[in-house]
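Descriptive analysis of the structure
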Number of protein chains: 2
Amino acid sequence: MELHFAQRMSYIKASEIREILKVTQQEDVISFAGGLPAPELFPVEEINEISQLVLKEAGTKALQYTTAEGYAPLREWIAARMNLRLGTRLDKDNILITHGSQQGLDLSGKVFLDEEDLVLCESPTYLAAISAFKSYGCNFIEIPTDEDGMDMDALEKVLSTTPRIKLIYVIPTFQNPTGRTWSLERRKRLAELSAAYNIAVIEDNPYGELRFEGESLPSIKSFDKTGNILCTGSFSKIFCPGFRIGWIAGDKEIIRKYVLVKQGTDLQCNTLAQMTIARYLEKYDIDRHIAGIVEVYKKRRDVTVQCIRESFPDTIKFTNPEGGLFTWIELPEGVPARLVLDKCLEKKVAFVPGGSFYPGGNKENTLRINYSNMPEERIEQGIRIIGEVVKQYIREAE
Amino acid sequence: MELHFAQRMSYIKASEIREILKVTQQEDVISFAGGLPAPELFPVEEINEISQLVLKEAGTKALQYTTAEGYAPLREWIAARMNLRLGTRLDKDNILITHGSQQGLDLSGKVFLDEEDLVLCESPTYLAAISAFKSYGCNFIEIPTDEDGMDMDALEKVLSTTPRIKLIYVIPTFQNPTGRTWSLERRKRLAELSAAYNIAVIEDNPYGELRFEGESLPSIKSFDKTGNILCTGSFSKIFCPGFRIGWIAGDKEIIRKYVLVKQGTDLQCNTLAQMTIARYLEKYDIDRHIAGIVEVYKKRRDVTVQCIRESFPDTIKFTNPEGGLFTWIELPEGVPARLVLDKCLEKKVAFVPGGSFYPGGNKENTLRINYSNMPEERIEQGIRIIGEVVKQYIREAE
């Protein structure tokens, strides 16, 4: 006789990405499927040096329990960094250290969502945010997006007519999965709407530091007059993901609620990892390190975009992202990305079909390309193969 | 205008322990309040050496994303260790690595609990388990306990008459807060009742390795014939808590559900921390390390018990624990531990009043003493002070 599980377990399913990623663990597969940063850019030597230093300087303090809020010097750095880069006015008490920005999403679900509440999100949106929020029993309303971000008129219409909306979840900079960046005007407008309708916004920002070109934009949080906007961040894409150190920033009263919830969830994040990052930030120039990542990813983006232009039919649309890890391809209507994937996997090339990124399922003719984890020559090879498969599918369908 | 938070936020409150722990951060306070292991026993040198080794051997793999399940060699070690020490028959696919055993509790809530479901627990029980489960909207039924563990007849009566029970939560070895250990017979009986009523058991076991004397007992999980029993464990008390590495062990089908939930929650645990522990376990003799911890804690337990005998009135009851971190004192009826605490804090001595450990609030004349984090002479001083305050309270009340 099976045990009785929570109702949520009936809709928490193994994600398609997870299954694809299993295939991509074979060394000879060209994978555009994950969201993995380039490991060759991780500061291994520096981490080795700094963790020795921390263990020497702090000794057992680096291995003992610490506060749920996280290591104070790290929280101070994050606040200062956000103020400098994102136009916010925060101090350490606005910051909670989390297990990657993913945990910022999970804790947001815990703090805000009751069953049957509504979360508004971009269409498409980050797959694992859907999982994180869904485990609190919410439903989603997808708001249409274009090159400039979420459609604010469509959003306002939903806000003004729908009860039980608790959160608006957005990734305004180098969005996952589309690679798009919101315009300044939309950012301001979302902050206004959040205030007018008194709805919290989760501004997810794990990629914002990785800008290849164009002007940096202030965060939505910087236009927050009511304290309704929370902003996540992460060291995964600018340092290393294995440490699982990210953060959520927001109004102090709200962050205090998150701290209580964090404590019941897992007490705190890894003490040594937090101290190692903080000491690294003191001793090394993270801007220089980030510039190195940006240089490599920009080249990979260039090759990706160039090859898409050359190898795909003219009838597709795609993003030329100004930063981040992803581009997004819209195939001609009726070309199913899942079928294209099956053919590509036979040729040892992987990506994620775009349908997964729509909470309601949709747009089976889209696909997400991650270009950060493959060297240029393999990107070239891989994109050509996908292009070929798409062209052949179209030829055969005609 | 305040935002609308989830209903659970109305009953997630700052814990009393958290407030007391703030006081205990002053160096001159003698604290029996936390559950902190003795930092002077952390293997700092070895961790330093091994993490260098891991970064040298595994390089960027130690800093990259890994699977949600956790690092395979570490899961293998845990399964083998449990089989050896706890009488289970597990392999790595029975194990999920979690952020301390605390996260094992949180994920258990997520996997099993709908709002208004019931959790049965020992009375008293671990405070942060109450917080973890409560955030899923459950209610608690406390089952009476005595020196041999939970009262099985009382448990069966509740099981046979109450709908919506989803979990039975127990800490059968060196219980927090009481320091008590369940008899073999009760362990067997709980496994039988779990099977007969088809209710999952969470057997929380963060202290089991720290036995000072007496015979080791098999885990409840070892008597599990239906796969209904899950068992948590942790490296916090035998290695260091700052790494935030623990585990949950159970039936493979159920662990797969936990893995899905873990993925949406925070993707995975720290890769380097997992690899460092695994490599340490290969290279060093953890049994020897644990023997060192046991030797120190046993002395501290001895002093604690000796001083309680000498300094407290004869009318109290207390546990002489066979292992672990805690003892538990029951003051005479009508002596409120919270008032005693206030007086003790004036004299720079802290502990946790026992009332907090009862989900329904109760037994204000009890208190928990943690003896692992203070040297013997301070334990002596501190216990004498508490004893004095108690005696004085009784004198004044008479």
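These notes cover the structure that comes with them.

Some words on helix α6 (residues 152-161) of chain A
All names here are of chain A. Taken as a whole, α6 has its buried residues at Met152, Leu155, Val158 and Leu159. With its buried residues spanning 125 degrees around the axis, α6 presents them on a single face. The outward face of α6, more than 90 degrees from its buried face, is lined by the exposed residues Asp153, Lys157 and Thr161. Elements that come into contact with the buried residues of α6 comprise β3 (118-123), β4 (139-146), β5 (149-150), β6 (165-170) and α7 (184-197).

Comments concerning the relation of the copies chain B and chain A
Two copies of the chain are present, and they differ by a rotation about an axis and a shift along that axis. Between the two copies, chain B and chain A, the superposition gives an RMSD of 0.0 Å; the rotation angle is 180 degrees and the shift along the axis is 0.0 Å. Such a turn and shift between the copies fits a two-fold axis. Taken together, the interface assignments show that 100% of the residues at the interface of chain B recur at the interface of chain A, consistent with an identical surface on both copies.

Focus: the pairing of β6(A)
All names here are of chain A. Across the 6 residues of β6, 6 count as buried, placing the element largely inside the fold. When β3 meets β6, the two strands line up parallel, connected through 4 bridges. Each bridged residue has a counterpart across the sheet, and for Leu118 the counterpart in β6 is Ile165. Where β6 meets strand β7 (residues 200-204), 4 bridges bridge the pair, whose relative direction is parallel. By the bridge assignment, Leu167 is partnered in β7 with Ala200. Following the chain from β6 across α7 to the adjacent parallel β7, one finds a crossover that is right-handed.

Topic: the interface of chain B and chain A
Taken together, the contact between chain B and chain A spans 77 residues of the former and 77 residues of the latter. Interface area, chain B with chain A, both sides summed: about 6,600 Å², of which 59% is carbon and sulfur. Remark: the boundary between chain B and chain A carries 2 salt bridges. Across the salt bridge formed by B:Lys110 and A:Asp106, the nearest N and O atoms sit 2.6 Å from each other. Our count for the chain B to chain A interface comes out at 32 residue pairs in polar contact (both at pLDDT 80 or more). Counting residues per element, the ones that place at least two in the side of chain B that touches chain A are α2 (44-57), α4 (100-112), α5 (127-134), α8 (252-266) and α9 (271-283) of chain B.

What about the nonpolar core?
Ranked by size, the top nonpolar core spans 233 residues in total, and within it A:Phe112 and B:Phe112 carry the most contacts. Residues contacting B:Phe112, with those up to four places away along its chain left out, are A:Leu3, A:His4, A:Phe5, A:Ala6, B:Asp117, B:Lys166, B:Leu167, B:Ala200, B:Leu230, B:Ile254 and B:Tyr258. Within the second largest apolar cluster, 20 residues are counted, among which are B:Leu120, B:Met152, B:Val158 and B:Ala191.

Quick notes on the pattern of salt bridges
Residue and element names in this part refer to chain A. Evaluated as defined, the whole model comprises 62 salt bridges over all chains. Note that Lys299 and Glu295 form a salt bridge whose closest N and O atoms lie 3.8 Å from each other. Of this pair, Lys299 and Glu295 both sit in helix α10 (residues 286-311), separated by 4 residues, roughly a single helical turn. The class for Lys299 is partly exposed, based on a relative accessible area of 42%. Through salt bridges that share partners, Arg81, Arg85, Glu209 and Asp287 make up one connected network.

Scoring rules and cut-offs
- Residues numbered from 1 in each chain as written.
- Chains lettered and ligands numbered in written order.
- Predicted model: local features only at pLDDT ≥ 70, side-chain atom pairs only at ≥ 80, totals over all residues.
- Heavy atoms only, no water.
- Buried < 20%, exposed > 50% of the residue type's maximum accessible area, 1.4 Å probe, protein only.
- Helix = DSSP H or I, 4+ residues; strand = E, 2+ residues; numbered from the N terminus.
- Arc of directions from axis to C-beta.
- Contact = heavy atoms within 4.5 Å.
- Least-squares fit on C-alpha atoms with pLDDT ≥ 70 in both.
- Pairing = 2+ DSSP bridges.
- Right-handed = clockwise from strand over helix to strand, strands pointing away.
- Buried area = accessible area lost by both parts, 1.4 Å probe.
- Salt bridge = Lys/Arg side-chain N within 4 Å of Asp/Glu carboxyl O.
- Polar contact = N/O pair within 3.5 Å; in protein donor to acceptor, adjacent residues only side chain to side chain.
- Core = buried A, V, L, I, M, F, W, Y, C linked by side-chain atoms within 4.5 Å.

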